[in-house]
Amino acid sequence: MTSRRRPASLRPTPETASHPLPGTPRELFDALPQLPGLRTEIIDGRLIVSPVGTPEHGWTATLLAYELYELVRERGWHAYTGNVDVCIDGPRDPVEPDFVLAPPDCPRWGERELLSSGLIMVAEIVSPGSVTDDRDRKPGVYALGEVPVMVLIDPVATPPTVTVLSDPKEGVYLTSARVAMGSPVHIPDPVGFTLDTSIFIDALDRH
């Protein structure tokens, strides 16, 4: 689930006792072993380890993938539902969006992490434990990384909403369109697609 260029042990041995411990969140991230069932990210300088989402959370990402399927096939893009790491161009912080659209030749940081500036779109699905990060912090993270479009699916809001953010500049998305879940919303270029957000009602009802 998380990106590791060279997994390492944090427990000192006679051979490693003299080696310096990780001094930054990124170094600590790279030193961690694989953590099955957990999501590991760096957001605003904080190393965050959180559980993966509920089945409804995963189903919502899958529904978005289904809706975009024909477009993805037509343009030869790659779509990932919560199983790929993204490196934010600039600070090199790793994050794991709930959904990613990327060209097949998207540049990488190391072997596993897609570089944010090469992406087409990301989407985040808000859960009760991620409200502040998803709503307030991650838009700035993705805008800083020059991700052209971010979609924020928020079943926790009252009423539930879907927001499309675009035109990133200096860590801020300049354009925002928000609709109540169930209404159509246009995702601008480079996607160029009108999303029928009623597809998410099924996951919301299950929740």
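Reading the values: rules and limits
Residues numbered from 1 in each chain as written. Predicted model: local features only at pLDDT ≥ 70, side-chain atom pairs only at ≥ 80, totals over all residues. Heavy atoms only, no water. Helix = DSSP H or I, 4+ residues; strand = E, 2+ residues; numbered from the N terminus. Expected span 1.5 Å × (residues − 1). Bend = angle between axes of the 7 residues up to and from the residue. Buried < 20%, exposed > 50% of the residue type's maximum accessible area, 1.4 Å probe, protein only. Core = buried A, V, L, I, M, F, W, Y, C linked by side-chain atoms within 4.5 Å. Contact = heavy atoms within 4.5 Å. Pairing = 2+ DSSP bridges. Axes fitted to C-alpha atoms, helices over the stretch in contact; angles between N-to-C directions.

Draft legend 1. Inspection of helix H4 (residues 131–144) at higher detail. The terminal C-alpha atoms of H4, which comprises 14 residues, lie 20 Å apart, in line with the 20 Å expected from a rise of 1.5 Å per residue. The largest bend along H4 measures about 50° and falls at arginine 137, with the proline proline 139 one to four residues further on. All of the buried residues in H4 are Asp133, Asp134, Lys138, Pro139, Val141, Tyr142 and Ala143.

Draft legend 2. Quick look at the nonpolar core. Within the largest apolar cluster, 28 residues are counted, with the highest numbers of intra-cluster contacts made by Leu64, Leu68, Leu101, Met121, Val151 and Phe200. Among the secondary structure elements, those contributing two or more residues to this core are helix H2 (55–67), helix H3 (69–75), strand E6 (99–102), strand E9 (121–125), strand E10 (149–154), strand E11 (161–169), strand E13 (184–187) and strand E14 (193–196). Among all residues touching leucine 101, those that are not within four sequence positions of it are Leu68, Val72, Trp77, His78, Ala79, Leu119, Ile120, Met121 and Val191. Counting residues in each nonpolar core, the second largest holds 22 residues, with Ile48, Val84, Val86 and Val122 among its members.

Draft legend 3. Region of interest: the pairing of E13. Side chains Val185 and Ile187 project from E13 onto a buried face, and the interleaved Pro184 and His186 project onto a face without burial. Pairing between E13 and E14: four bridges, direction antiparallel. If you follow histidine 186 over to E14, its bridge partner there is threonine 194. Between the end of E13 and the start of E14, which pair antiparallel, lie five residues, with glycine 192 showing a positive phi angle near 65°.

Draft legend 4. Looking closely at the sheet that holds E10. With respect to topology, six strands assemble into an open sheet ordered E3-E6-E9-E10-E11-E12, the strand pairing being mixed. Each end of this open sheet is capped by a strand with a single partner; those strands are strand E3 (78–80) and strand E12 (172–180). Geometrically, the sheet is characterised by an average inter-axis angle of 15° between neighbouring strands, direction not taken into account. Direction of pairing for E9 relative to E10: parallel, over a ladder of four bridges. Note that in E10 the partner of alanine 123 across the bridge is valine 151.

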